[in-house]
There are 2 protein chains.
Amino acid sequence: MIIRIEPDSDIPIYEQLSNQIIEGIARGVIQPGDSLPSVRAFASDLGVNMHTVNKSYHLLEKKGIIKIVPKSGAIISSPQDFNQSSLDRLKDEYMPLIAESLVVGMSQKQILELVSIIINDIKKN
Amino acid sequence: MIIRIEPDSDIPIYEQLSNQIIEGIARGVIQPGDSLPSVRAFASDLGVNMHTVNKSYHLLEKKGIIKIVPKSGAIISSPQDFNQSSLDRLKDEYMPLIAESLVVGMSQKQILELVSIIINDIKKN
DNA sequence: CATCTGTTCTATTGTTTCTAGAACAATAAC
DNA sequence: GTTATTGTTCTAGAAACAATAGAACAGATG
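Scoring rules and cut-offs
- Every chain is numbered on its own, with residues counted from 1 as its sequence reads.
- Labels follow written order: the first chain is A, the first ligand is 1, and so on.
- Reporting in this predicted model follows two pLDDT cut-offs: at least 70 for local features of residues, and 80 or more for side-chain atom pairs to be given and counted; totals over whole chains, interfaces and linings ignore these cut-offs and use all residues.
- Only hydrogens and water are removed before side-chain values are computed, so all heavy atoms of the structure are retained for them.
- For the purposes of this section, nonpolar cores are sets of buried Ala, Val, Leu, Ile, Met, Phe, Trp, Tyr and Cys residues that join through side-chain atoms within 4.5 Å.
- Only protein chains enter the accessibility calculation, which uses a 1.4 Å probe. A residue is then buried if its area is under 20% of the maximum for its type, exposed if over 50%, and partly exposed in between.
- Note on contacts: a residue pair is in contact if any heavy atoms of the two residues lie within 4.5 Å.
- Strands are treated as partners if at least two bridges between them are detected by DSSP.
- Going along the chain from the N terminus, every DSSP run of H or I of four or more residues is numbered as a helix, and every run of E of two or more is numbered as a strand.
- Axes, fitted as lines to C-alpha atoms, cover a helix only where it is in contact. Angles between the N-to-C directions of the axes lie from 0 to 180 degrees.
- When two parts are brought into contact, each loses some accessible area as probed by a 1.4 Å sphere; the total of that loss over both is the buried area.
- What counts as a salt bridge is simple: a side-chain nitrogen of Lys or Arg found within 4 Å of a carboxyl oxygen of Asp or Glu.
- Throughout this description, a polar contact denotes any pair of N or O atoms lying within 3.5 Å of each other; where both atoms belong to protein, one of them has to be capable of donating a hydrogen while the other can accept it, and for residues adjacent in sequence the pair is counted only when both atoms sit in side chains.
- The domain limits used here are those given by an automatic or database domain assignment.
- The near set for a molecule or strand comprises every residue that places at least one heavy atom within 4 Å of it.
- Each residue gets one label: Ala, Val, Leu, Ile, Met, Phe, Trp, Tyr, Cys and Pro are nonpolar, Asp, Glu, Lys and Arg are charged, and the others, such as Gly, are polar.

Looking up chain A in an unreviewed UniProt entry gives the name GntR family transcriptional regulator, with the organism given as Neobacillus niacini.

(A) Summary view of the nonpolar core. In terms of nonpolar packing, the biggest core is built from 73 residues, with A:Y94, B:Y94 and B:I98 touching the most fellow members. With residues near it in sequence (within four places) discarded, B:I98 still touches A:Y94, A:V115, A:I118, A:I119, A:I122 and B:I111.

(B) Spatial organisation of the sheet that holds strand β3 (residues 73–76) of chain A. Residues and elements named next belong to chain A. Taken together, the three strands give an open sheet; going across it, the order is β1-β3-β2, and neighbouring strands pair in antiparallel fashion. The open sheet is flanked by β1 (35–36) and β2 (66–69), the only strands paired with a single partner. Pairing of β1 with β3, which is carried by two bridges, proceeds in the antiparallel orientation. What sits directly across from S35, in β3, is I75. Across the sheet, helix α3 (residues 50–62) lies against β1, β2 and β3, angled at about 120° from β2, the strand it touches most.

(C) Region of the structure containing the interface of chain A and chain B. On the chain B side, the residues contacting the 41 residues of chain A number 41 residues. Buried surface at the junction of chain A and chain B, summed over both partners, amounts to about 4200 Å²; 77% is from carbon and sulfur atoms. Of all residues in chain A, the largest losses of buried area upon contact with chain B belong to A:Y94, A:E100 and A:V103, amounting jointly to 16% of the total for that side. For the pair chain A and chain B, the interface holds four salt bridges. Between A:K63 and B:E100 there is a salt bridge, with its nearest N and O atoms 3.0 Å apart. Joining chain A to chain B, the criterion identifies six residue pairs in polar contact (both at pLDDT 80 or more).

(D) Up close: the domain arrangement of chain A. Per the domain assignment, the segments of chain A are domain 1 (13–80) and domain 2 (84–123). The C-alpha-based centres of domain 1 of chain A and domain 2 of chain A are spaced at 25 Å.

(E) Geometry of the protein's contact with DNA strand C. In the vicinity of DNA strand C there are 21 residues, among which A:R40, B:I13, B:H51, B:T52 and B:K55 approach most closely. A share of 56% of the atoms of DNA strand C within 4 Å of the protein falls on sugar and phosphate groups. The side chain of A:H51 places a nitrogen or oxygen atom 3.1 Å from a base nitrogen of DNA strand C. Only α2 (39–46) and α3 of chain A together with α1 (13–27) and α3 (50–62) of chain B provide two or more residues apiece to the surface near DNA strand C. Class assignment of the residues belonging to the surface near DNA strand C gives a composition of nine nonpolar, seven polar and five charged.

Spelled out as structure tokens, the structure:
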């Protein structure tokens, strides 16, 4: 799995990493049951600090996407295990983005099309 | 227009304010051509610092949503004035959210439904 | 036993966020 | 024309966050 970190981005490194891991799962590059590299190995690969990777893992665990088994590894959870709070959080995160899309002049159709394009782009992998 | 600021949120105040202004425009509570309160008056209303409101205004201007006319006020732009860079930025922001939705187990249909619900919720105002 | 694992602790550095106060120049109001 | 208001700019400080670094621990794996 190829991870691309941009140190000068306004998005924190630990968030970039979390997002790309999520994208990797969505694309099927990583699958439920698979385990992520150790925080040390991953940090070494990416050229970042161990604690930064650790923070990413804990963010993913908070989102319910992986399970960190101490002294063993970080394992991708099954989609079945998602809960209502994840849905509520996602809705809150969609709202400002959709509002901005409307304000910027996009129609409902255009927004749904954009979302469809992104979904299909992910799925065809 | 009612603005609700949560000082203890993990979302910065200036971003909360920007988001709610955007939502207000999307809902039609504020319209293109309308002007926003002065940074001082708004800050006083909200109980925050003038510079925080100022930062919100500049974020909105960067997004192409308002135009700050020095010594005059901040005016809501028309939707026609949006540009390609806004679209690119929005696409980048949709991506991680959609990927997470898929990972968490939502189907394409469910995602499109959620987006539709949010759009209609905004539009019916 | 030795290694590797995630965890925890202290520490430092730089950035961001928020508040604060003051001053400036141009516009608007009277 | 004077006054008040406007957004802008500057310095400054506090607090939180982001990222790095090094060390140590205890449990699992080989």
